[in-house]
Amino acid sequence: DFSSSNSTLSVIQGTSVTTSYAVKATLLSGTTQPISFFISGLPAGITASFSPLLCKPPCTTQLTVNALPQTPLGTYAVIIGGVGGGLIRTLNLPLAVNPPADSTPPTISGVLVSDITTNSATFTWTTSEPATSQVEYGRDTTYGIATPLDTSPTITHGVALSGLSDGSLYNFRARSKDPSGNEAVSINFSFQTIALPDSISPAEITTLTITNPTDTS
């Protein structure tokens, strides 16, 4: 009879990663004879091998599975078996072909600042995949202040900012992180808040001096 160290076989698509599993052959009765291992039901792009290919129970062989980039995603029913002494024994297992881990950060584009007032502004941008939203800002490119992180994944981002100083130049950049933890940071942008109207009267005139008076001026 046969048993596997795993109830499910799994490989990663597109990485050509070698994954190994232990398959154990057990003698149930009679005399031990060499058996030859085989596997069937593999999808296109999957190859498998046993090491050793032959053994005499009780023994363990290592099943190695290789996934190529073109392997279709999905779960497949595969059969692991052994032939020996005129008998065939099999073990049915699912083989899962999983997508590779996401290592690509989102792309940030269309960064805009709008609704600029004396003390507030609104920032918008888009990302190539759903991601979080945050803006770093400050009076220079060291920034120093960040808005609260919006963890809701979205491709259209909007962040409103308040509490700014009037008539001041600010630098800012957008930050977005996808569900896999890959973060993108935009280039630096700048804007200036609207200055408040001048409400201060001129200083009081305290000294008036007339120089070089004439008959006409």
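Structure report, in brief. Numbering of residues starts from 1 in each chain and follows the order in which that chain's sequence is written. Local features in this predicted model are restricted to residues of pLDDT 70 or higher, and side-chain atom pairs are both shown and tallied only at a pLDDT of 80 or more, whereas totals for entire chains, interfaces and linings draw on every residue. Heavy atoms throughout the structure, all of them, feed into the side-chain values; hydrogens and water do not.

Another point: the pairing of strand 2 (residues 9-12). Here the term buried applies to any residue with accessible area under 20% of the maximum for its type, exposed to any over 50%, and partly exposed to those in between, with areas from a 1.4 Å probe on protein chains only. A run of H or I in DSSP counts as a helix once it spans at least four residues, and a run of E counts as a strand once it spans at least two, with each numbered from the N terminus. The two faces of strand 2 differ: Leu9 and Val11 on one face are buried, but Ser10 and Ile12 on the other face are not. At least two bridges found by DSSP between two strands are what make those strands a pair. Inspection of the sheet shows strand 2 paired to strand 9 (residues 87-98) by four bridges, in the parallel sense. Looking at the pairing, Leu9 lines up with Leu95 of strand 9.

Read from one edge to the other, the open sheet built from five strands follows the order 2-9-8-4-6, with strand pairing classed as mixed. Each end of this open sheet is capped by a strand with a single partner; those strands are strand 2 and strand 6 (54-55). By the bridge criterion, two bridges tie strand 4 (residues 35-40) to strand 6 in an arrangement that is antiparallel. Bridged to Ile35 within strand 6 is Cys55.

It is worth spelling out the packing of aromatic side chains at this point. Any Phe, Tyr or Trp ring, taking Trp's six-membered ring, that has another such ring centre within 6.5 Å forms a pair; planes under 30 degrees apart are called stacked, those over 60 apart edge-to-face, and the others tilted. In this structure the tally under the stated criterion is six aromatic pairs. Joined through ring pairs, the aromatic side chains of Phe123, Tyr170, Phe172, Phe189 and Phe191 make up one cluster. When the ring centre of Tyr170 is taken as reference, the NZ or CZ atom of Arg139 above it lies at 5.3 Å. Consider the ring centre and the ring normal. A charge sits over the ring if Lys NZ or Arg CZ is within 6 Å of that centre and within 35 degrees of that normal.

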